Amino acid sequence: MQGDTAWLLTSAALVLLMTPGLAFFYGGMVRSKSVLNMLMMCFGAIGLIGVLWVVYGYSMAFGSDVGGLLGNPFEIMGLSGLMGGNALEGTGFVAFQGMFAIITVALIAGAVADRMKFGAWLLFGGLWATLVYFPVAHWVWAEGGWIFDLGALDFAGGTAVHINAGAAALGLVLVLGKRAGWPKEPMKPHNLPYVMLGAGLLWFGWFGFNAGSALSANETAGVAFINTLTATCAAMLGWLLLERLRDGKATSLGAASGVVAGLVAITPACAFVDTWGALAIGAIAGVVCALAVSLKYRFGYDDSLDVVGVHLVGGLVGTLLIGFLGTTNVNADGVDGLFYGGGAEQLGKQAIGAFAVLAYSLIAAVVIGLIVKAITGGRVSTEDEVAGIDEAEHAESAYDFAGGRGGRPASVDTSVASGNAKKLEGSKS
Amino acid sequence: MKLITAIVKPFTLDDIRSGLEQLGVLGMTVSEVQGYGRQKGHTEVYRGAEYAVDFVAKLKIEVVTDDANVDKVIDAIVSAAHTGKIGDGKVWVTPVDTVIRVRTGERGADAL
């Protein structure tokens, strides 16, 4: 019991670390003039969703069921009654699940890089979490939630987190439009080491995300943990192999992307498949996601950092493959999929859950996006976007290597400051 | 006095610097620049999207010298920067009216 609590609290901290990791994974992929905005969208999600979660989000997701659609938002408002109680089912579980809400919103940010007003982003994030994430978490994970009752399996968030965020990303991009100059102007990543570092932090945190979802330091946690290694390694190799064959070179961005694609795909399935299943899910996700990230050029939507291609597609791969590769050999709470003698029934349930969340999140994101656009304008002016959103929205620039741009403290009497500098110079000689 | 400007492959910098040092050249200015001549750029691929990188990274070396040393400096730079492959760079010479050393106010050849 105490061991379970210790693992849950540790996992919650690991999952929080994923969001700064994601910030760097995304931040390295944007241009140097908009990296701070990308980091801020992720950190902003931590601040905003963290507050909403403890005030009413947890209650909406895990409060007493109302019609299979959401929890009673007023029941556990402000975590009333949980403080000082059992941590495994109370405060620790609230913290762990809160980290999921945070990263799900942050995931969407990658689709709207370089162009969304910061206030508009926070407004969208708050509304989407309230109207989509909190209820969908209830559908999938809470007793009484309709997908939970249907029997569709989502161990750590393939449906609730990745399909959900990926579909929202697509909806928001459709409302917001493409970046100035896309796809004609080159928009290559400005710092691939950040991307690799971010992918590493994500992977590390993901062990808490997946194995922590056992909510216990038990056999199931072990299965989820090792599959989080197995599938991810296979996905990296799959992505790199495809690149080597198609483009001629195995790239570092491909390795980082393959890692994330594998993590996404194994998330729903990590406690339900054996080693062969995990290898298959990883390899398939690596190849399919590597192909899927090119869809945006064909259909003309500027999903800037491929949230759709990696998270929506990877989430679908993992969620649906449970229907083929699930086996009760590793976990009695799981199911036998089509390849393990279980018939097609589970596949059908998985598909219903996945596509219902996809459709709801997509439509809701379009509607919320339109509302946010009407209130705030949605995106910065083209002039500010081209000059760099960091300066327009945050009055900062990320890098100052040479100091050649003439910075001086605008709030200080500079005649005094420069006088001091002269004096200092004089005292040296 | 002349200003000698050389655009060279970055990896040749050290050889150029030591070659000029042996001639007694006491200073130079080096900048990282991008451009293209007959050597075209290259292609990079990010998540399957190809980017043509038109400009090639080069170094620009600037040396001011008195007229008597111009040919020696040019020879030192050219021999150090030469690989025989496309993209070795260019060297050109421009006249300089005068040079002032900021610290002392010396002018002309004394300031070199």
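Our structure's up above, just so we're on the same page.
Since the model is a prediction, treat every value here as computed from it, not as a measurement.

1. Description of the overall build of chain A
Then step 1. The helix and strand inventory of chain A stands at 16 helices and two strands.
Then step 2. A principal-axis box enclosing the C-alpha atoms of chain A has dimensions of 85 × 60 × 45 Å.
Then step 3. Taking all 429 residues of chain A together, the buried fraction comes to 57%.
Then step 4. Restricting the contact set of chain A to residue pairs at least 6 apart, pairs at least 24 apart contribute 77%.
Then step 5. Approximately 16,900 Å² of chain A is accessible, and the part contributed by carbon and sulfur atoms is 66%.
Then step 6. Here chain A holds 21 positive side-chain charges and 29 negative ones, and the gap between their average locations is 17 Å.

2. Some remarks on unusual backbone geometry
All names here are of chain A.
Then step 1. Note the cis peptide between Trp182 and Pro183, where omega equals 0 degrees.
Then step 2. Within the secondary structure, Pro183 is located in the loop between helix H6 (158-176) and helix H7 (192-211).
Then step 3. Look at Leu215: it is not a glycine, yet its phi comes out positive at around 55 degrees.
Then step 4. Residue position: Leu215 is located in the loop between H7 and helix H8 (219-246).
Then step 5. Residue Leu215 is classed as partly exposed on the basis of its relative accessible area of 31%.
Then step 6. A positive phi angle is found at Ala395, which is not glycine, with a value near 55 degrees.

3. What to know about helix H12 (residues 307-325) of chain A
Then step 1. Given a rise of 1.5 Å per residue, 19 residues ought to cover 27 Å, and the 25 Å separating the end C-alpha atoms of H12 of chain A matches this to within 8%.
Then step 2. Most of H12 of chain A is tucked away: 17 of the 19 residues are buried.

4. What to know about the environment of Arg38 of chain B
Residue and element names in this part refer to chain B.
Then step 1. Positionally, Arg38 belongs in the loop between strand E2 (29-35) and strand E3 (42-46).
Then step 2. Under the relative-accessibility criterion, Arg38 is labelled exposed at 75%.
Then step 3. Here the alpha-carbon distance between Arg38 and Gly87, two residues 49 residues apart in the chain, equals 6.9 Å.

5. Thoughts on helix H13 (residues 345-376) of chain A
Then step 1. With 32 residues, H13 of chain A extends 46 Å from end C-alpha to end C-alpha; this agrees with the ideal 46 Å at 1.5 Å per step.
Then step 2. Following H13 of chain A by one or two positions, Gly377 of chain A adopts a phi angle in the positive range, close to 90 degrees.

6. Concerning the state of the cysteines
Residues and elements named next belong to chain A.
Then step 1. Under the criterion given, the structure shown has zero disulfides over all chains.
Then step 2. Cys270 provides the cysteine sulfur closest to Cys233, a residue in no disulfide bond, and the two sulfurs are 15 Å apart.
Then step 3. Among the residues examined, Cys233 registers a relative accessible area of 31% and is labelled partly exposed.
Then step 4. Overall, Cys270 belongs to the buried group, its relative accessible area being 0%.

7. Some remarks on the pattern of salt bridges
Then step 1. Taken as a whole and judged by the stated rule, the model has 13 salt bridges over all chains.
Then step 2. For Lys188 of chain A, the salt bridge is made with Glu44 of chain B, and the minimal N-O distance between the two is 2.9 Å. With Lys188 of chain A in the loop between H6 and H7 and Glu44 of chain B in strand E3, this residue pair bridges two chains.
Then step 3. For Lys188 of chain A, a relative accessible area of 31% gives the class partly exposed.
Then step 4. For Arg246 of chain A, the salt bridge is made with Asp247 of chain A, and the minimal N-O distance between the two is 3.1 Å.
Then step 5. One continuous salt-bridge network, built from bridges that share partners, spans Arg31, Asp114, Arg179 and Asp302 of chain A.

8. Some remarks on the interface of chain A and chain B
Then step 1. Counting residues at the interface gives 20 residues for chain A, matched by eight residues for chain B.
Then step 2. In total, chain A and chain B occlude about 1,000 Å² of area from one another, counting both sides; carbon and sulfur atoms represent 57% of this.
Then step 3. Between chain A and chain B we count two salt bridges in total.
Then step 4. One salt bridge in this structure joins Asp306 of chain A and Arg47 of chain B, with 3.0 Å as the shortest N-O distance.
Then step 5. The tally of links between chain A and chain B comes to four residue pairs in polar contact (both at pLDDT 80 or more).
Then step 6. Taken together, the elements giving at least two residues each to the side of chain A that touches chain B come down to helix H1 (2-29), H8 and helix H9 (252-266) of chain A.

9. Examining the nonpolar core
Then step 1. Membership of the largest hydrophobic core comes to 141 residues, with the highest contact counts inside it found for Phe25, Tyr26, Trp121, Phe124, Trp128 and Tyr133 of chain A.
Then step 2. A total of 16 residues in this core trace back to one element, the largest contributor, which is helix H2 (residues 35-62) of chain A.
Then step 3. In this structure, Tyr26 of chain A is in contact with Met38, Cys42, Ala106, Leu107, Ala109, Gly110, Leu305, Val307 and His311 of chain A, ignoring residues within four places of it in sequence.
Then step 4. Membership of the second largest hydrophobic core comes to 16 residues, among which are Ile4, Leu59, Val70 and Ile77 of chain B.

10. Points about the side chain of Asp306 of chain A
Then step 1. Its place among the elements puts Asp306 of chain A in the loop between helix H11 (295-299) and H12.
Then step 2. Not counting residues within four places of it along the chain, the set of residues in contact with Asp306 of chain A comprises Val293, Lys296 and His311 of chain A together with Arg47 of chain B.

11. A closer look at the packing of H1 of chain A against H7 of chain A
All names here are of chain A.
Then step 1. Put simply, H1 and H7 touch, their axes get as near as 7 Å, and they point 155 degrees apart. For the element pair H1 / H7, the angle class is roughly antiparallel. Our pair here, H1 against H7, has a crossing hand that is left-handed.

12. Description of the pairing of strand E1 (residues 2-8) of chain B
Residue and element names in this part refer to chain B.
Then step 1. A large share of E1 lies buried, amounting to five of its seven residues.
Then step 2. Pairing analysis gives seven bridges linking E1 to strand E5 (residues 56-65), with the strands arranged antiparallel. In the strand pairing of E5, Val8 is matched with Leu59.
Then step 3. Where E1 and strand E6 (residues 89-95) come together, seven bridges link them in antiparallel fashion. The residue of E6 that forms the bridge with Val8 is Gly89.

The rules behind these values
- Residues numbered from 1 in each chain as written.
- Chains lettered and ligands numbered in written order.
- Predicted model: local features only at pLDDT ≥ 70, side-chain atom pairs only at ≥ 80, totals over all residues.
- Heavy atoms only, no water.
- Helix = DSSP H or I, 4+ residues; strand = E, 2+ residues; numbered from the N terminus.
- Buried < 20%, exposed > 50% of the residue type's maximum accessible area, 1.4 Å probe, protein only.
- Contact = heavy atoms within 4.5 Å.
- Areas by Shrake-Rupley, 256 points an atom, 1.4 Å probe, with all protein chains shown as cover.
- Lys, Arg positive; Asp, Glu negative; His and termini not counted.
- Charge placed at Lys NZ, Arg CZ, Asp CG, Glu CD.
- Expected span 1.5 Å × (residues − 1).
- Disulfide = S-S within 2.5 Å.
- Salt bridge = Lys/Arg side-chain N within 4 Å of Asp/Glu carboxyl O.
- Buried area = accessible area lost by both parts, 1.4 Å probe.
- Polar contact = N/O pair within 3.5 Å; in protein donor to acceptor, adjacent residues only side chain to side chain.
- Core = buried A, V, L, I, M, F, W, Y, C linked by side-chain atoms within 4.5 Å.
- Axes fitted to C-alpha atoms, helices over the stretch in contact; angles between N-to-C directions.
- Parallel < 35°, antiparallel > 145°, perpendicular 65-115°, else oblique.
- Left-handed = near helix turned anticlockwise from the far one by under 90°.
- Pairing = 2+ DSSP bridges.

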